[in-house]
Amino acid sequence: MSIFLIIIHVVVCIALIMIVLLQTGKGADMGAAFGGGSSQTLFGSTGASTFLSKATTVAAIVFMLTSLTLAYMSGGKVSKSVVSDTPAPITQPAPTDNPATDNNANAE
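Residues numbered from 1 in each chain as written. Predicted model: local features only at pLDDT ≥ 70, side-chain atom pairs only at ≥ 80, totals over all residues. Heavy atoms only, no water.

The next subject is the overall build of the protein chain. If you tally the helices and strands in the protein chain, you get four helices and zero strands. Of the contacts made within the protein chain by residues no fewer than 6 positions apart, 82% connect residues no fewer than 24 positions apart. A total accessible area of about 9,400 Å² is found for the protein chain, and carbon and sulfur atoms account for 67% of it. (Helix = DSSP H or I, 4+ residues; strand = E, 2+ residues; numbered from the N terminus. Contact = heavy atoms within 4.5 Å. Areas by Shrake-Rupley, 256 points an atom, 1.4 Å probe, with all protein chains shown as cover.)

Glancing now at helix α3 (residues 51-75). In this model α3 runs 36 Å from its N-terminal to its C-terminal C-alpha over 25 residues, within 8% of the 36 Å that 1.5 Å per residue would give. Among all positions in α3, only Ala55, Thr56, Ala59, Thr66 and Leu70 are buried. The inward-facing, buried residues of α3 abut α1 (2-22). (Expected span 1.5 Å × (residues − 1). Buried < 20%, exposed > 50% of the residue type's maximum accessible area, 1.4 Å probe, protein only.)

Moving on to the UniProt feature "transmembrane region" (unreviewed entry) in the protein chain. The UniProt record marks residues 51-72 with the feature "transmembrane region" (unreviewed entry), using the residue numbering of this structure. Within the segment residues 51-72, helix and strand shares are 100% and 0% respectively, and the terminal C-alpha atoms sit 32 Å apart. (UniProt positions renumbered as here; feature names shortened; annotations may be inferred.)

Now for the packing of α1 against α3. One way to put it is that α1 packs onto α3 with a least axis distance of 9 Å and a crossing angle of 150°. Taken together, α1 and α3 sit at an angle that is classed as roughly antiparallel. In this structure, the crossing between α1 and α3 has a hand that is left-handed. In this structure, α1 uses Ser2, Leu5, Ile6, Ile8, His9, Val12, Cys13, Leu16, Ile19, Val20 and Leu22 to contact α3, whose residues at the interface are Leu52, Ala55, Thr56, Ala59, Ala60, Val62, Phe63, Thr66, Ser67, Thr69, Leu70 and Met73. Partitioned by chemical class, the residues of the contact of α1 with α3 number 17 nonpolar, six polar and no charged. (Axes fitted to C-alpha atoms, helices over the stretch in contact; angles between N-to-C directions. Parallel < 35°, antiparallel > 145°, perpendicular 65-115°, else oblique. Left-handed = near helix turned anticlockwise from the far one by under 90°. Nonpolar A, V, L, I, M, F, W, Y, C, P; charged D, E, K, R; others polar.)

As a further point, take α1. Between the first and last C-alpha of α1 there are 30 Å, a value that for 21 residues agrees with the 30 Å anticipated at 1.5 Å per step. Residues of α1 that are buried: Leu5, His9, Val12, Leu16 and Ile19. For α1, the angular spread of buried residues about the axis comes to 100°, placing them on one side. Relative to its buried face, α1 has exposed residues pointing more than 90 degrees away, namely Ile3, Ile7, Val11, Leu21 and Leu22. The inward-facing, buried residues of α1 contact α3. (Arc of directions from axis to C-beta.)

Checked against the element boundaries, Thr66 lands in helix α3. Classification of Thr66 as buried rests on a relative accessible area of 6%.

This part covers the side chain of His9. Locating His9 in the fold gives a position in helix α1. Residue classification places His9 among the buried residues on the basis of a relative accessible area of 18%. Leaving out residues up to four positions away in the same chain, His9 has contacts with Phe63, Thr66, Ser67 and Leu70.

In structure tokens form, the structure reads like this:
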């Protein structure tokens, strides 16, 4: 299942990049450069929603859904650790006699 989602994710990612690169900019008309107004006044200053803008929206939604799904699927995995297999070290009590104090006592 995750392999299938990764393949879809990569294909949609490449498609999204290509769709965005194929689109023209907002001020690409020559009339807009000289202040001649909008050539597409029927749909407003932004123009009609083109096929590429709709395809960008669909590809972005699919990309986000696959990203969230893959993140959710990878977050639930519990792997066994090598640290949990090792036993805890044995704690030994500290020695009661201090050799540093014995040397000072012998020196006097």
